[in-house]
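If you want the building blocks of each chain, they are given just below.
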Amino acid sequence: MGTDIKAPPVTGAGARTITLTVNGRERGLRVEPRVSLLDALREHLGLTGSKKGCDQGACGACTVWVDGRRVLACLTLAVTCQGREVTTIEGLGDGDDLHPMQAAFVAHDALQCGYCTPGQIMSAVALLREGHAADDAEIAEWMSGNLCRCAAYPNIRAAIREVRDAAGGA
Ligand code: FES
Ligand code: FES
């Protein structure tokens with residue numbers, strides 16, 4: 001015991017105030033230029049749904065949308081999102097109602113530990129919007145930026161197929 005865990009410094013050299021619209025709500029925050037969007041979301045705004053599996057663009061656990069397009073929040077500097085719209089897994093559902101993709105992930109057991117899941121779901125919804133879900137091979141290709149160590153891939157594809165078909169195809 002006695003471990004003294006300190007929160008990282010909130011601001012430091014060159015800190016500036018930026019405004020982001022996060023999940024439809026305008027949020028002001030003061031960040032150093034080096035702070036990633038991922039850390040801004042997690043550590044400054046308390047939105048811990050977006051995960052950090054690698055912090056170098058390799059795993060996809062940090063996938064969010066900026067202006068409606070999926071991006072890796074660990075490779076995006078928060079200051080570059082000034083004035084832009086950011087959507088995270090916390091903003092996907094409607095109150096207590098799950099987004100259809102969230103419900104499909106639950107129904108198809110498309111998660112185990114759940115750590116990759118927020119990124120998988122943000123990617124999966126974007127995938128359908130992009131029209132990249134014609135068949136399993138295309139889904140696998142366009143979801144290949146999201147790693148899952150629990151190997152839920154077949155179930156993730158099943159969830160995506162269900163939402164795709166319910167919406168009338170890719
Ligand atoms: S944490 Fe961003 S890609 Fe792994
Ligand atoms: S559910 Fe565990 S890493 Fe994907």
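Criteria and cut-off values
Throughout this document, residue positions are counted from 1 along each chain, in the order its sequence is written. Think of it this way: whatever chain is written first is A, whatever ligand is written first is 1, and the rest follow in order. Local features in a predicted model are, by the rule used here, given only for residues with pLDDT of at least 70; side-chain atom pairs are given and counted only at 80 or more, and totals for whole chains, interfaces and linings are based on all residues. Note: side-chain values were computed over all heavy atoms of the structure, leaving out hydrogens and water. Only DSSP runs of H or I with at least four residues qualify as helices, and only runs of E with at least two residues qualify as strands; both kinds are numbered from the N terminus onward. The atom set for the radius of gyration is the C-alpha atoms, and the globule formula is 2.2 Å times the number of residues raised to the power 0.38. In this scheme, a residue with accessible area under 20% of its type's maximum is buried, one over 50% is exposed, and one in between is partly exposed, where area comes from a 1.4 Å probe on protein chains only. By the convention used here, residues are in contact when the closest approach between their heavy atoms is within 4.5 Å. For the accessible areas, the method is Shrake-Rupley and the probe is 1.4 Å, while residue cover comes only from the protein chains on display. Strands qualify as paired when DSSP identifies two bridges or more between them. Axis definition: a line fitted to C-alpha atoms, over the contacting stretch in the case of helices. Angles run 0 to 180 degrees between N-to-C directions.

Per an unreviewed UniProt entry, the protein chain is named (2Fe-2S)-binding protein, and its organism is Actinomadura montaniterrae.

Enquirer: What am I meant to see in the overall build of the protein chain here?
Expert: Secondary structure summary: the protein chain contains five helices and five strands in total. In sequence order, the secondary structure elements of the protein chain are arranged as β-β-α-β-β-β-α-α-α-α. Relative to the compact-globule value of 15 Å for 170 residues, the protein chain shows a C-alpha radius of gyration of 17 Å, a close match. Each principal axis of the C-alpha distribution contributes one length, and for the protein chain these read about 50 × 40 × 30 Å. In the protein chain, buried positions account for 41% of the 170 residues. Pairs at least 24 residues apart make up 55% of the contacts formed inside the protein chain by residues separated by at least 6 positions. For the protein chain, the accessible surface area stands at approximately 9,000 Å², while carbon and sulfur atoms represent 49% of it.

Enquirer: Hey, could you run me through the pairing of strand β2 (residues 25-31) in this one?
Expert: Along a regular strand, successive side chains alternate from one face of the sheet to the other. Pairing of strand β1 (residues 16-22) with β2 involves seven bridges; the strand directions are antiparallel. The residue of β2 that forms the bridge with Arg 16 is Val 31.

Enquirer: Just to check I follow, could you spell out the sheet that holds strand β3 (residues 63-66) for this structure?
Expert: Through backbone hydrogen bonds, the strands of a sheet pair up, either in parallel or in antiparallel fashion. Across the sheet, five strands lie side by side as β2-β1-β5-β3-β4; this open sheet has mixed pairing. Taken across any chain shown, the strands that pair with only one partner, and hence form the sheet edges, are β2 and β4 (69-72). Across the sheet, the axes of successive neighbouring strands diverge by a mean angle of 40 degrees, strand direction being ignored. Sheet analysis places β3 next to β4, joined by four bridges and oriented antiparallel.

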